[in-house]
Amino acid sequence: MTDYFEVHARDGAARIGELRLSEAVTTPAVVDDVLADAGSLWATEREFPDGSDDVLTVLPHRSLPAGSADEVRESFAVDYPDVDFPSAAVVTADTADDYGADAYVLSDAQGFVGHARAFRDNVIEAKENLPADTALMLSGVATPRNVSLLVYAGVDLVDETLARARGLEGFYLTSDGEYFLEDLDEFPCACEACRKPASEFTRADAADHNANALRAELARVRRRVRDGRLRDYVEGQARHDQWLTALFRRFDQQYSFMEERVPVIRDSELTAASEESIDRVEIQRFADRVTKRYRNRFDNPLVLLPCSAKKPYSESQSHRQFQEAVQYRAHMVSMTSPIGVVPQELELTYPAQHYDSVVTGDWSEDEKSFVAEVLRRYLERNDYPRIIAHLPSGAYTEIVERVADDLDLDVEFTVSEHPTTTESIGNLMRTLDGEPKFTREEREHNVVKALADYQLGPDAGDALFADVELEMTSRYPKLQVWNDAGVQLATMVPQYGVLSFTLEGAKVWRDSDAPTKTVEIDGFVPHGSVLAPGVVDADEDIRPGDEVVVEGPKAFAIGRAEMGGRELVESTRGIGVEIRHVEER
Ligand SMILES: [Zn+2]
């Protein structure tokens, strides 16, 4: 039971939390001012602390050096009694467990910070062993340069110890590096400590500046987490130190750890500006769902198109010209780096209309391989009577040729010079001569089913909507889905490109063969939101932002998950699900 820590917002493994002391502390934060260490049991038998709501009390502990043998650890293990004041327990990754504390301090952090693989292994193991709604603290390791990565990995609390110690040793720390104090004739900072001439600046001043810089960097990180944009920042920040670059990549290799924590929808733009952008969860998840869940339902030829800088693509000038030429006679799929391929039905779906990348036309080999792999998997799963590539020469054409060779497919190319020249548009138009048009109705039905596939799982669109006669009452992209009895089932949410269900739609979903995401609650009727303590059980594959069915002895409801499945089950505080509709049983 966590009484004194609550998570309010999440951005991957990073969180905005609140340490609920008499004066609340917003985390991630430095906690030197509010930490009371009851001390090590090595030195002496300690009086058990009385604790206080004013501070986070570190319970008496026995830290062992990194790499101590298991027998040694066990024989020196400390019992942590349940206390009724804010407390932190000192553990290692493998002794980490639920001791009833609000926060946990990893005792051997100084041994693994600086080593990418050891850091990743220790932090991930600790996070998996500790209750999801407790704070994780690393002591004696934070600097202005590394703290954004520490938070990205899931650390909530740090201290000023190392930053101050480095100052007293004569080092001046910034978020991008460190300098010998003697080498600076002016300071790249305007904090209070730095407002004196270099000649009078002491090591004690450097310690103060370093602590200020750490706090300023944490404020920036908190802003980024609130905006859902920490990843964009750390892609750049990781470059300032080799171990941080390595650490960042190690976490990308740990796909399931991050995937469990990254929301499925977001308002914010996603900046794909570095080589590592391809590896981020949002990009990989989209590619994975497009090639494993989505299925093309049109009988028409495929037209492969280049992406446009403007999103959604259909609102760009180039895509308007393509639509004019195609005239509902082909299924339009855009190719793009770093997303892969985007079928027209999913052009609004996060992150397809939310990413921003540098459009230079020059794709790296990694980008080409990634897009080619996604296209190959896409074409293996979806059959078309004809494949038309309306693409500029260079990377796009190269990728299509590579995949067509691989899969032994015939592709017709329609671009001469550039996709939007009169000649190219004419070619595209003529090559579709005689192909049947699909109707607006067919297109809208296919959009709704594609969204269901993407959100819920393979064939979900058919499982949900096969037996109901769909009526659309609004025009794309604000589709409203009604059944033939005049009952609304779902609405398409244009800003995320997902379906949100009504109660009736939730029942259709629950009774269908499509995989359901269910949150089981206690005997109460939720209004507004379900708080975590009311959750009895939840499907493990629920992700933050997922549409979920909420069921309990007294209520049936539909809403949106605010946390992942594991966190829903483990958490004792915080909003678990925002309820949209509810009925009493
Ligand atoms: Zn300063």
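Definitions and limits used
- Residues numbered from 1 in each chain as written.
- Predicted model: local features only at pLDDT ≥ 70, side-chain atom pairs only at ≥ 80, totals over all residues.
- Heavy atoms only, no water.
- Donors = N, O, S within 2.8 Å, 3.2 Å for Na, K, Ca; no water.
- Tetrahedral: all angles 85-135°; square planar, octahedral: opposite > 155°, others 65-115°.
- Buried < 20%, exposed > 50% of the residue type's maximum accessible area, 1.4 Å probe, protein only.
- Axes fitted to C-alpha atoms, helices over the stretch in contact; angles between N-to-C directions.
- Helix = DSSP H or I, 4+ residues; strand = E, 2+ residues; numbered from the N terminus.
- Parallel < 35°, antiparallel > 145°, perpendicular 65-115°, else oblique.
- Left-handed = near helix turned anticlockwise from the far one by under 90°.
- Contact = heavy atoms within 4.5 Å.
- Nonpolar A, V, L, I, M, F, W, Y, C, P; charged D, E, K, R; others polar.
- 1 Å grid on protein atoms, 1.4 Å probe; cavity = no way out; pocket = protein on both sides within 12 Å on 5 of 7 lines; lining within 4 Å.
- Points joined across faces, edges and corners; volume = space filled by probe spheres on them.
- Pairing = 2+ DSSP bridges.
- Salt bridge = Lys/Arg side-chain N within 4 Å of Asp/Glu carboxyl O.

Student: Pulling in residues and values, what's your account of the coordination of the zinc ion?
Tutor: Reference values for angles at a metal are 109.5 degrees in the four-donor tetrahedral case and 90 or 180 degrees in the six-donor octahedral case. The zinc ion binds to the protein through Cys189 (SG), Cys191 (SG), Cys194 (SG) and His209 (ND1); the donor distances cover 2.1 to 2.3 Å. Bound by four donor atoms, the zinc ion shows angles of 98 to 119° at the metal and therefore tetrahedral coordination geometry. In the primary sequence, the donor residues of the zinc ion line up as C-x1-C-x2-C-x14-H. Assessed through its relative accessible area of 26%, Cys189 is described here as partly exposed.

Student: Which residues make up the packing of helix α3 (residues 116-129) against helix α8 (residues 242-253), and what values go with them?
Tutor: Two elements in contact, α3 and α8, have axes whose closest approach is 8 Å; the angle formed by their N-to-C orientations is 45°. As judged from the angle between their axes, α3 and α8 are oblique. Judged by the twist between their axes, the crossing of α3 over α8 is right-handed. Note on element contacts: α8 touches α3 through Trp243, Ala246, Leu247, Arg250, Phe251 and Gln253, opposite Ala116, Arg117, Phe119, Arg120, Val123 and Ile124. Class assignment for the residues of the contact of α3 with α8 results in eight nonpolar, one polar and three charged.

Student: Please give an account of empty space enclosed by the protein that cites residues and values.
Tutor: Tallied over the full model, the rule gives five cavities of 30 Å³ or more. Its volume calculated, the largest cavity comes out at about 240 Å³. Taken together, 17 residues form the lining of the largest cavity, with Arg15, Ala132, Arg261, Arg566 and Glu567 sitting closest to its centre. In terms of residue class, the lining of the largest cavity is made up of seven nonpolar, three polar and seven charged. Looking at the second largest cavity, its volume works out to about 120 Å³. Considering the residues around the second largest cavity, the lining is formed by Asp11, Gly12, Tyr152, Leu230, Arg231, Asp252, Met258, Val262, Arg266, Arg280, Val281 and Glu282. Elements with a contribution of two residues or more to the lining of the second largest cavity: α7 (230-237) and α10 (281-292). Per-class residue counts for the lining of the second largest cavity are five nonpolar, one polar and six charged.

Student: Requested: an account of the sheet that holds strand β16 (residues 340-343), with residues and values cited.
Tutor: The strand order β16-β15-β14-β18-β19 describes an open sheet built from five strands, whose pairing is mixed. With one partner strand each, in any of the chains shown, β16 and β19 (412-413) form the two edges of the open sheet. Direction of pairing for strand β18 (residues 387-389) relative to β19: parallel, over a ladder of two bridges. Opposite Ile388, over in β19, you have Glu412 as the bridge partner.

Student: Outline the environment of Asp362, supporting the account with residue identities and numerical values.
Tutor: With respect to the helices and strands, Asp362 occurs in the loop between β17 (355-357) and α12 (365-381). The class of Asp362 is exposed, set by a relative accessible area of 62%. Counting along the chain gives 61 residues from Asp362 to Glu423, while the straight-line C-alpha distance between them is 24 Å.

Student: Tell me about the pattern of salt bridges, residues and numbers included.
Tutor: A complete count under the given rule lists 49 salt bridges for this structure. Residues Asp252 and Arg231 are paired through a salt bridge, measuring 2.7 Å at the closest nitrogen-oxygen approach. Placement of Asp252 in helix α8 and of Arg231 in helix α7 is noted, with a sequence separation of 21 residues between them. A residue is classified by how much of its surface remains accessible, and Asp252, at 13% relative accessible area, is buried.

Student: Explain the environment of Asp513 residue by residue, including any values.
Tutor: Along the polypeptide, Asp513 turns up in the loop between α17 (503-511) and β24 (518-521). Asp513 sits in the exposed class, given a relative accessible area of 76%.

Student: With reference to specific residues and values, describe the pairing of strand β22 (residues 488-493).
Tutor: Two strands pair when backbone bridges link them, and strand β21 (residues 480-482) and β22 are joined in this way by three bridges, in the antiparallel orientation. Considered in β22, the bridge of Gln480 is made with Thr491. Counting the residues between successive antiparallel strands, the hairpin from β21 to β22 contains five residues, one of them, Gly486, with a positive phi of roughly 80°. Where β22 and strand β23 (residues 498-501) come together, four bridges link them in antiparallel fashion. When the sheet's bridge partners are listed, Met492 is paired in β23 with Leu499. Taken together, β22 and the strand that follows it, β23, pair antiparallel across an intervening segment of four residues, in which Gly497 is found at a positive phi of about 65°.

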